[in-house]
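Observations on the model geometry
Each chain, written out:
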Amino acid sequence: METSLHRIAINSGGGYVPGLNAVVAGAVLSASNLGLEVVGIYDGYDGLMTRENYPEGGLVRLSPNVIENLIGSDGSILGTAARTDPFRFRTINAENFVEEVDRSDELLEKIRAEKIDAVISVVGGSALTGMHALSVAFKLSRKGLRTVCVPKSVENDISVTALSFGYNSALSYTTETLARIRTAARDVHRIAVVEVLGHQAGWLALQSGMAVCADVVLIPEIPYDLREAAAKLREDEKAGRRPSLVVVAEGAIPKNDDASSADSSQNLQEHGLRKSLSPLSDPRFGEGARVIERSGLAAETVALKLQKLTDHETFPVVLGQLVRGGAPTAVDRQLGLGYGAAAVRALDSGQSGVMVAFQPPDLKFVPLAETINKVRTVPANSEFVQIARALGISLGD
Amino acid sequence: MSQATPNQKGLVLNIQHFCTNDGPGIRTTVFLKFCSLRCKWCCNPESIGQRPELAYDINKCIGKKACGKCLQPPAPEGAMYVLDGPDDRVHINWDLAQGCGEETTSVCPTGALYLFGQEMTVDQVLDEVEQDSAFYRESGGGVTLSGGECLLQPDFSTALLAEAHERGINTAIETAGNVPWAFMEEVLPHVDTVLHDHKLTDPIRHKKWVGADNTRILANFKKAYETFPDKTFIARTPIIPGVNDDEEHIRSVLAFIRPHKNVVDYQLLPYHRYGETKYGFLGKVYELEDFTPPSSETMDRLRAIIDESFGRTAAGKTG
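Because the structure is a prediction, the values reported are computed rather than measured.

A count of helices and strands for chain A gives twelve helices and 13 strands. Burial analysis of chain A (397 residues in total) assigns 59% to the buried set. In chain A, the share of contacts with a sequence separation of at least 24, taken over all contacts with a separation of at least 6, comes to 72%. Accessible surface, chain A as shown: approximately 15,700 Å² in total, 51% of it carbon and sulfur.

Laid out in structure tokens, this is it:
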């Protein structure tokens, strides 16, 4: 039987996205109105698991008069935890061996000892570390922890919510930067190939590319043929438009029959752009050498191939993780505040093991089991795709 | 002390033939599972765990429509899943797939799901190793135990190396030395050449990059040099740019090894990213995503310091 609600903890798993403090503020202000106390756990669950590493004890009491000043601020008052895991907690045993041990029971005991009745965890999305934070919350929930999750993602790829907080800020910054790059590229008569986040979902590439009317946008959901993209660039040029900007999501994949990429030894559709077009993708370099995961390869590879196909000078630019930083936009501020407040409302109404989701026009609560292992991708026939085509943007297909 | 028997079983990761960088001559390298360190640049992440562990190659998956056998028990709830869309190949939620073993991989007809690590007896291993005996004779090679950390299976390693000697095969091990001294003391009598790592000098930096400090490692190596004066030791350092590619580290290792005449060489191994694929197969994060191999100029500069210390010219000849 669940105990009554007096003290709520809040933490953040995975990496930073703009608006984290707004979520915390939303939860604290809402809880305060209900007469509930809120404490923050530093760095995911590290503040509780390794309290000895925190001079102030790993927990911080969050009062409304302090937190409300941080709503629009850059950074995270609670820190983040990209790689820690109470189920595989890295430690050094008495033999000086490094090992990973399951300390989830110990964590739950510490939560009880701190008289914490429930935990709000900010988690997301589909990338390895984000999925990991959600899975950890799901497993703790199955072990009896009263918990509500809030979705964060700069790729907007969490399946159950129309808008994750952090996405709008990343989209705004990406759009602004793309506009600057395009001006610079046009000025020197070159084509910029800009890689943006989006391993499985192309929202960020598509919507930022639309916002600046890029010449070409390549996303994971629509396999591309660079010959098509090159043909579009040539047509534009004949029509008097100087091509200057190609946006490529890091997970964009070429079509199977894309002859422009045929020098790769791997089946291109199978491995994705970053993998199949890796400089070391040739097995002649040795067993296990074919996949080299590093940011920038998508832009680098597409830039080189487009240069061959168009005889225009190209240059790669990688925005990547840069767009995760910064202060939240107005949309992410109000979304974060709303998510934080809704998480408290869910707990106050007796719900647990759910994620707050924006399903316009409502904020709803979706069971965690329905949120894991899903990715919100761009439907190939979606309105956004049709608008992009209507604007004359090539999607490389 | 020794529990070694001829029928000893060990957890073997892989047997690799025709290796030329794992000791003298052409060698067959036997990789054992289990490691007590967590080097961020590790190129054998599949060797770290103490038990067989789940691995997955999505390129071999034939999809939910054609198969889908792993999407039901005995796989744990949520461990395997398929995303919406035309690609119906299975994905793994590595957090929910913890503990999956043979009961999970055995249902996969294509080998997309498999386990890293299998139990083998000393005879099974050496029967395969012996297939290369002609090459050992011609080149002065033999068998090398690597890992993981081969000294963490001391009884199996002892039995295997002793039996190799019985069969006339030269023996070597690759070790990082982070084991109880008793393990080293048990195994080393059966080893001809000991290839041992000096990854970082400073114990705090060693802990940051490797996971544990090096106090016991250095104590073990010093004791090994003195306890086994007739064995051949070769020190090695994987050169990681921005981590240990400094002259200070090289000189400190030389200061440690040069007083011991049985340490006959110090070799530098340039960092490479060949193991990165395997992190994906295991669902692990490769933390050195943006690291690149050291330049040939850096390697030459650092090797020149070693050559000078050993009294060699740059071409490797005694000066």
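Next comes the rest of the account.
This part takes up empty space enclosed by the protein. A complete count under the given rule lists three cavities of 30 Å³ or more for this structure. Considered as a void within the structure, the largest cavity measures approximately 140 Å³ in volume. A:Gly13, A:Gly44, A:Tyr45, A:Ala133 and A:Val136 are the residues nearest the centre of the largest cavity, which is lined by 14 residues in total. Of all elements in the fold, only β1 (7-12), β6 (118-123) and α5 (128-142) of chain A reach the threshold of two or more residues within the lining of the largest cavity. For the lining of the largest cavity, the element with the highest residue contribution is α5(A), accounting for four residues. Tallied by class, the residues present in the lining of the largest cavity amount to seven nonpolar, seven polar and no charged. Quantified by volume, the second largest cavity comes out at close to 100 Å³. Around the second largest cavity, the lining comprises 15 residues; the ones closest to its centre are B:Cys61, B:Cys67, B:Cys70, B:Cys108 and B:Pro109. Class assignment of the residues belonging to the lining of the second largest cavity gives a composition of eleven nonpolar, three polar and one charged.

Time to look at the confidence of the model for chain A. All names here are of chain A. Averaged over every residue, the pLDDT of chain A is 87; residues scoring 70 or more account for 87%. Mean pLDDT values over the elements of chain A span from 34, in helix α9 (residues 268-276), up to 98, in helix α7 (residues 203-211). Overall, residues 261-293 carries pLDDT values under 50, and its contacts beyond four positions in sequence, including any with other chains, amount to 91 contacts.

Here the structure, examined in full by the defined rule, presents 33 salt bridges over all chains. Of the charged contacts, one joins A:Arg142 and B:Glu77 as a salt bridge, the two residues approaching to 3.4 Å between their closest N and O atoms. Within this pair, whereas A:Arg142 is found in helix α5, its partner B:Glu77 is found in the loop between β3 (53-56) and β4 (80-82), the two belonging to separate chains. A residue is classified by how much of its surface remains accessible, and A:Arg142, at 46% relative accessible area, is partly exposed. The shortest N-O distance in the salt bridge between A:Arg389 and A:Asp397 comes to 2.8 Å. The class of A:Asp397 is partly exposed, set by a relative accessible area of 34%. Among the charged side chains, a salt-bridge network with shared partners connects A:Arg7, A:Glu37, A:Arg51, A:Arg61 and A:Glu114.

Bringing the packing of aromatic side chains into the picture now. Describing an aromatic ring pair means giving the distance of the ring centres and the angle of the ring planes. As enumerated under the stated definition, the model contains eight aromatic pairs over all chains in all. An angle of 40 degrees between the planes, with centres 6.4 Å apart, marks the rings of B:Trp181 and B:Phe228 as tilted. With a gap of 47 residues between them, B:Trp181 in helix α5 (residues 181-187) and B:Phe228 in the loop between α7 (215-227) and β11 (232-239) connect regions that are remote in the sequence. As far as the burial class goes, B:Trp181 and B:Phe228 line up, both buried. Each member of the aromatic cluster is reached from another via a ring pair, and the members are B:Tyr225, B:Phe233 and B:Phe256. The cationic tip of A:Arg103 hangs over the ring face of A:Phe89; the distance from NZ or CZ to the ring centre is 4.5 Å. The ring of B:Phe310 is capped by B:Arg258, whose NZ or CZ atom sits 4.0 Å from the centre of that ring.

Scoring rules and cut-offs
- Residues numbered from 1 in each chain as written.
- Chains lettered and ligands numbered in written order.
- Predicted model: local features only at pLDDT ≥ 70, side-chain atom pairs only at ≥ 80, totals over all residues.
- Heavy atoms only, no water.
- Helix = DSSP H or I, 4+ residues; strand = E, 2+ residues; numbered from the N terminus.
- Buried < 20%, exposed > 50% of the residue type's maximum accessible area, 1.4 Å probe, protein only.
- Contact = heavy atoms within 4.5 Å.
- Areas by Shrake-Rupley, 256 points an atom, 1.4 Å probe, with all protein chains shown as cover.
- 1 Å grid on protein atoms, 1.4 Å probe; cavity = no way out; pocket = protein on both sides within 12 Å on 5 of 7 lines; lining within 4 Å.
- Points joined across faces, edges and corners; volume = space filled by probe spheres on them.
- Nonpolar A, V, L, I, M, F, W, Y, C, P; charged D, E, K, R; others polar.
- pLDDT = per-residue confidence, 0-100.
- Salt bridge = Lys/Arg side-chain N within 4 Å of Asp/Glu carboxyl O.
- Phe/Tyr/Trp six-rings, centres within 6.5 Å; stacked < 30°, edge-to-face > 60°.
- Lys NZ or Arg CZ within 6 Å of the ring centre and 35° of its normal.

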